[in-house]
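The chain contents come next:
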Amino acid sequence: MGKKRLSLLDTFPSMGDGDTIFGKSASAGKYGHFPVDLLLGSGGYACRRWNLNLSTPVGEAVGSIDYLRN
């Protein structure tokens, strides 16, 4: 499989059981897939996302403000 531009990948409106997220484990020093429920749990989540079609380094806040407060 050749390289694929991130902007060509699908954007999913939500996540569900069995979904995974690609990322890097700092403790293992490796890239891989993480189960969504492991990362998000039942307490919610907060993160930033970037629109690859815009030429700005400013990301958009996504998730739960209550999660950040706690």
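These figures come from a predicted structure and were not determined experimentally.

About the cut-offs
Residues numbered from 1 in each chain as written. Predicted model: local features only at pLDDT ≥ 70, side-chain atom pairs only at ≥ 80, totals over all residues. Heavy atoms only, no water. Helix = DSSP H or I, 4+ residues; strand = E, 2+ residues; numbered from the N terminus. Buried < 20%, exposed > 50% of the residue type's maximum accessible area, 1.4 Å probe, protein only. Polar contact = N/O pair within 3.5 Å; in protein donor to acceptor, adjacent residues only side chain to side chain. Contact = heavy atoms within 4.5 Å. pLDDT = per-residue confidence, 0-100. Pairing = 2+ DSSP bridges.

Caption draft 1: Just the side chain of Ser25, in detail. Relative to the helices and strands, Ser25 resides in strand β1 (residues 20–25). Given the relative accessible area of 18%, Ser25 is considered buried. One polar contact links Ser25 to Ser27, side chain to side chain, over a distance of 3.2 Å. Those residues in contact with Ser25 that lie beyond four places of it in its chain are Lys30 and Phe34.

Caption draft 2: Up close: the confidence of the model for the chain. Chain-level pLDDT for the chain is 76 on average; 83% of the residues reach the 70-or-more range. Ranking the helices and strands of the chain by mean pLDDT puts strand β2 (residues 30–35) first, with 86, and helix α1 (residues 36–40) last, with 71.

Caption draft 3: The environment of Tyr31, seen in detail. Within the secondary structure, Tyr31 is located in strand β2. Note on Tyr31: relative accessible area 60%, which makes it exposed. Among residues more than four places away in sequence, those in contact with Tyr31 are Phe22, Gly23 and Lys24.

Caption draft 4: The arrangement of the pairing of β2 in detail. With respect to burial, β2 is a largely exposed element, only 0 of its 6 residues being buried. Both β1 and β2 contribute to a ladder of 6 bridges, which runs antiparallel. Bridge pairing in β2 links Thr20 to Pro35. Two successive antiparallel strands, β1 and β2, enclose a turn made up of 4 residues, where Gly29 displays a positive phi of approximately 70°.

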